[in-house]
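The primary structure of each chain is shown beneath.
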Amino acid sequence: MNQKTGWAVVAVVVVAGALFYFWPRISAAPAPADPYISTPSQEVEQSAMLGTWRSSTDAKFTREIDADGVMIDRYEGEASAGINGEWSFVDPATVSGLAMPAASLAGLKVVKVVWEGGAETTYFAVNKLDEKSMTTTDLTGTGSVTVYAKI
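Residues numbered from 1 in each chain as written. Predicted model: local features only at pLDDT ≥ 70, side-chain atom pairs only at ≥ 80, totals over all residues. Heavy atoms only, no water.

A.B. asks: Describe the packing of aromatic side chains, naming the residues involved and giving the relevant values.
C.D. replies: For any pair of aromatic rings, geometry is given as the distance between the ring centres together with the angle between the planes. In this structure the tally under the stated criterion is 2 aromatic pairs. Ring centres 6.3 Å apart and planes at 45° place the aromatic pair Phe61 and Tyr148 in the tilted group. Residue Phe61 is found in strand β2 (residues 61-65), and its partner Tyr148 is found in strand β8 (residues 145-150); the two are separated by 87 residues along the sequence. No difference in accessibility class separates Phe61 from Tyr148, as the two residues are buried. Measuring from ring centre to ring centre gives 5.6 Å for Trp87 and Phe89, while their planes differ by 85°; the resulting arrangement is edge-to-face. The residues Trp87 and Phe89 share a single accessibility class, namely buried. (Phe/Tyr/Trp six-rings, centres within 6.5 Å; stacked < 30°, edge-to-face > 60°. Helix = DSSP H or I, 4+ residues; strand = E, 2+ residues; numbered from the N terminus. Buried < 20%, exposed > 50% of the residue type's maximum accessible area, 1.4 Å probe, protein only.)

A.B. asks: Any details on the pattern of salt bridges? Residues and values, ideally.
C.D. replies: If charged atoms from side chains of opposite charge come close, those side chains can pair. What the rule picks out here adds up to 2 salt bridges. Across the pair Asp73 and Arg63 runs a salt bridge whose closest N-O atoms are separated by 2.7 Å. Residue Asp73 is located in strand β3 (residues 70-75), and its partner Arg63 is located in strand β2; the two are separated by 10 residues in the primary sequence. By relative accessible area, Asp73 is classed as buried at 13%. Arg74 is paired through a salt bridge with Glu64; the nearest N and O atoms lie 2.7 Å apart. Taken together, the residues Arg74 in strand β3 and Glu64 in strand β2 connect sequence positions 10 residues apart. Residue Arg74 is classed as partly exposed on the basis of its relative accessible area, which comes to 31%. For Glu64, a relative accessible area of 17% puts it in the buried group. (Salt bridge = Lys/Arg side-chain N within 4 Å of Asp/Glu carboxyl O.)

Purely geometric stuff here, so don't read any function into it on its own.
In structure tokens:
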């Protein structure tokens, strides 16, 4: 074996070793965020949203948000048990006709609620959320802001 062949073998071994060492780290790089896949921050925010919330401006109105994707709006004194809907987080850039431009919703979680099996669909942004209070903005109608206290 001549000297050139020896260096070529060494170079191949070095390249193969580098690929063997670095390949798992390269292929484990995080994939781009998909707005429809739950991320850890969405899971944390979702768990903070769960429970029953009372409107601070109308004490008769409550909103129950369940982990199984069910939302129930109730109004004290009404004969019905409440209005049921299915909720999920959505990317505001994929929704048309919101009360605010999608660009102004950057950094906010946007929730889609399909009420009563599709009778109506509404959207709201979660402006503020902690363990005791939640502030939302209606994105389907007038853009009204509602402040809730957890009960």
